[in-house]
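Here are the chains, one letter per residue:
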Amino acid sequence: MNTAAPSPAITAAGLRKSFGEKAVLDGVDLSVAEGTVFCLLGPNGAGKTTAVRILSTLIEADGGTLRVAGHDPVRESAAVRSAIGVTGQFSAVDGLLTGRENLLLMADLHHLPGRRRRERAAELLERFDLVDAADRRASTYSGGMRRRLDLAMTLVGEPKIIFLDEPTTGLDPRSRRTMWQIVRDLVDRGVTIFLTTQYLDEADELADRIAVLDQGRIVASGTPAELKRRVPGGHIRLQFPDEARAASAERLLAGSSREGELFLNVPGDAGVGALRALLTRLDEAAIEVDALSVHTPDLDDVFFALTGRPAAEAGETANETAGETADDDDQTTENHLVQKESGR
Amino acid sequence: MSTLTFAARDSATMLKRSLLHTVRYPVTLIVALGVPAMLLLLFVGVFGGALGAGSVPSGGRYIDYVVPGILLMTVGYGASTTSQSVNRDMTEGIIARFRTMAISRSSVLTGHVVGALIRTMVSAVVLVGVALLMGYRSNATVLEWLGAAGLLALLTLALSWLAVAVGLAAGSVEGTSGFALLVQLLPFISSAFVPTATMSVAVRWFAHNQPFTPVIDTLRGLLLGTPIGHSGFIAVAWCLGLAVAGFLWSVSLFKRSAAR
């Protein structure tokens, strides 16, 4: 550090980028403190990937002032590149090489000396639980393994700043948790993480600060707690065997609202304590409940609260012009459902 | 100071990767080594009898006449493999990864081209070996053999840079198939298999003025002792021109490619 106060790892002011007529980023300001996790949250087509590509020197911005690790990504791209590591949305591993060979390739490109390169590869295989698969071709890996290998490759050069562009999109819940743990370990080692995601729960788990990106603009930013306070939508949904019970429960529980004949939505915190209290009250009133589901605020709620539109809609309109694939959307929806079912 | 050293080192790393791919992806090896040998068998064993009589001036043997043409097709097959593997790098996203790393930019493409050169020259040597086993004989001196190898290398360089550009430009592997078809078809409309004298006027004009004919005539001159004339200069000029065009095209595509 050459200044007394720690300077931010990444800053952007008035970042703009258009593809043809469409403004993908329309005046984005952000600042990421060193050693923290910054999360850019938004639906498909919001401009998250474009932001990552600009900050990681892949494409040039149309306007704005940028600093990554103290350097300008365009004029001092070499300095930026030697400080960063990027793991993109679609894992960029060499399918014809084995996991170990992929890591050795990275070690060679980082000019690690002979013995050190083998050590580094072995170290990362161990850390990312890829030892058993080390000498198999990467094309035989599962989605989760590919992502881990991808991230391991990014870490060969020990970057100070890591960009993770939707690192868990398309992964099963278990692989997501593994990925989250890896990110936490990285932060413990002092690495700065710039994460993009479309899942609020992921941002909530990992981020120190979140910025919500919608159609190229930051519509809200703050800590996860600050953001969630702005987002209503958490509720418990009860199902009753008949309408009479649903009606008496509605009278019992202030603020609840009926949905159809048998369902009742009870707004509020869905923590274990609140849940237990709710069930105890119903029990004491001898109201039988058939089923219960917990609804935590998700990206839909954030978007609805911040933009007045559902996230899916925001994603679709932006998608048409940004040209992301339909496949992508399917995968996202599916994953989102899995996530909801598994609950938190 | 060390820029050049790093560039060379990164290119060597990329070359190693390219050669490893060749070994790992058996189709590449089969295409590079097997297909030219098969073609030789086909042309000599199947078509040779029919084509040979009218094709070979001054009572020579068809196998001696046809080997330069098959060598050219070897180069063509090598180039289509190159365009496919560059395209795979593009679509799999590993080129994007390389571009965010502090490595020599040129090394990514240089690795592919040098890898293609080695792969193609090895298959050319194998082909000549098969041809010798089948009875091919040349009266060329060592110098003439070296000249032929040099010209073949130059042609490989030219087609490889074009292949890299095609691989970068194509949206998918299927998109490179047009290029593959072109380089595999062009030798047929040249003096590779039959003398151009037998062709219709328009086709003959095309055959005379397309790049493969002077290359084949020069190779044949070097290996069989037939007259070369201006073909040598024209062949080298074509190769250099195509190499420079392919190189410039590739570099400009590579600079823009990340914007996709």
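Going by what an unreviewed UniProt entry lists, chain B is known as Transport permease protein and is assigned to Actinospica acidithermotolerans. Per UniProt, the comment on chain B under Sequence similarities (unreviewed entry) is "Belongs to the ABC-2 integral membrane protein family."

Chain A has the name ATP-binding cassette domain-containing protein in an unreviewed UniProt entry, where Actinospica acidithermotolerans is given as its organism. If you open the UniProt record of chain A and go to Subcellular location (unreviewed entry), you find "Cell membrane".

Focus: the confidence of the model for chain B
Residue and element names in this part refer to chain B. Predicted confidence across chain B gives a mean pLDDT of 87, with 95% of residues reaching 70 or more. The lowest-confidence element of chain B is helix H2 (residues 26-55), averaging 79 in pLDDT; the highest-confidence one is helix H6 (residues 142-169), averaging 94. This prediction of the complex comes with two scores: 0.78 for pTM and 0.85 for ipTM.

Some points on the sheet that holds strand S11 (residues 257-259) of chain A
Residues and elements named next belong to chain A. The strand order S11-S12-S10-S13 describes an open sheet built from four strands, whose pairing is antiparallel. Each end of this open sheet is capped by a strand with a single partner; those strands are S11 and strand S13 (291-295). When the angles between neighbouring strand axes are averaged without regard to direction, this sheet yields 25°. Sheet topology note: the strand S10 (residues 235-239)/S13 ladder contains five bridges and is antiparallel. Following the sheet pairing, His235 is matched in S13 by His295. In this fold helix H9 (residues 243-252) packs onto S11 and strand S12 (263-267), with an angle of close to 155° to the strand it touches most, S11.

A short note on the side chain of Thr197(A)
Residue and element names in this part refer to chain A. Among the secondary structure elements, Thr197 is positioned in strand S7 (residues 192-197). Within the structure, the side chain of Thr197 is placed 3.1 Å from the backbone nitrogen of Tyr199, a separation counted as a polar contact. At 3.1 Å, the side chain of Thr197 and the side chain of Glu202 are in polar contact. Apart from residues lying up to four places away in sequence, Thr197 is in contact with Cys39, Leu40, Leu41, Gly42, Lys48, Glu166, Glu202 and Ala203.

Some thoughts on the interface of chain A and chain B
Between chain A and chain B, the contact holds 32 residues from the first and 27 residues from the second. Summing the contributions of chain A and of chain B, the shared interface buries around 2,500 Å²; its carbon and sulfur component is 56%. The largest share of the area that chain A buries against chain B comes from Leu96(A), Leu109(A) and His111(A), three residues that together contribute 27% of it. Arg97(B) is paired through a salt bridge with Asp150(A); the nearest N and O atoms lie 2.2 Å apart. Taken together, the links from chain A to chain B amount to 11 residue pairs in polar contact (both at pLDDT 80 or more). For the side of chain A that touches chain B, the secondary-structure elements that each account for two or more residues are helix H2 (77-83), strand S5 (84-87), helix H3 (99-109) and helix H5 (143-155) of chain A. Broken down by element, the residue count for the side of chain A that touches chain B peaks at five residues, all from H3(A).

Considering helix H9 (residues 212-224) of chain B
All names here are of chain B. Under the 1.5 Å per step criterion, the end-to-end length of H9 is 17 Å for 13 residues, consistent within 8% with the ideal 18 Å. Among the 13 residues in H9, 11 count as buried, and that is most of the element. Within two residues after H9, Gly225 carries a phi angle of roughly 85°, on the positive side.

Quick word on the nonpolar core
If you look at the biggest cluster of nonpolar residues, it comprises 63 residues, and the most contacted ones within it are Leu103(A), Ile193(A), Phe98(B) and Leu168(B). In terms of nonpolar packing, the next biggest core, distinct from the first, is built from 45 residues, Ile70(B), Ala79(B), Ala235(B) and Cys239(B) among them.

As for the side chain of His112(B)
Residues and elements named next belong to chain B. Of note, His112 is situated in helix H5 (residues 105-133). The buried category is assigned to His112, whose relative accessible area is 6%. Only 2.8 Å separates the side chain of His112 from the side chain of Asp89, close enough to count as a polar contact. The contact partners of His112, leaving out residues within four places of it in the chain, are Arg17, Ser18, Thr82, Ser85, Val86, Asp89 and Val164.

Quick word on the pattern of salt bridges
Residue and element names in this part refer to chain A. By the definition in use, this model includes 26 salt bridges over all chains. Put simply, Glu119 and Arg116 hold a salt bridge, and the shortest N to O gap is 3.2 Å. Of this pair, Glu119 and Arg116 are both found in helix H4 (residues 114-127), three residues apart, which corresponds to roughly one turn of the helix. On the accessibility criterion, Arg116 (29% relative accessible area) is partly exposed. A salt bridge links Glu123 to Arg116, with the shortest nitrogen-to-oxygen separation between them at 3.6 Å. Members of the salt-bridge network, linked through shared partners, are Arg115, Arg116, Glu119, Arg120 and Glu123.

Cut-offs used in this document
Residues numbered from 1 in each chain as written. Chains lettered and ligands numbered in written order. Predicted model: local features only at pLDDT ≥ 70, side-chain atom pairs only at ≥ 80, totals over all residues. Heavy atoms only, no water. UniProt positions renumbered as here; feature names shortened; annotations may be inferred. pLDDT = per-residue confidence, 0-100. Helix = DSSP H or I, 4+ residues; strand = E, 2+ residues; numbered from the N terminus. Pairing = 2+ DSSP bridges. Axes fitted to C-alpha atoms, helices over the stretch in contact; angles between N-to-C directions. Contact = heavy atoms within 4.5 Å. Polar contact = N/O pair within 3.5 Å; in protein donor to acceptor, adjacent residues only side chain to side chain. Buried area = accessible area lost by both parts, 1.4 Å probe. Salt bridge = Lys/Arg side-chain N within 4 Å of Asp/Glu carboxyl O. Expected span 1.5 Å × (residues − 1). Buried < 20%, exposed > 50% of the residue type's maximum accessible area, 1.4 Å probe, protein only. Core = buried A, V, L, I, M, F, W, Y, C linked by side-chain atoms within 4.5 Å.

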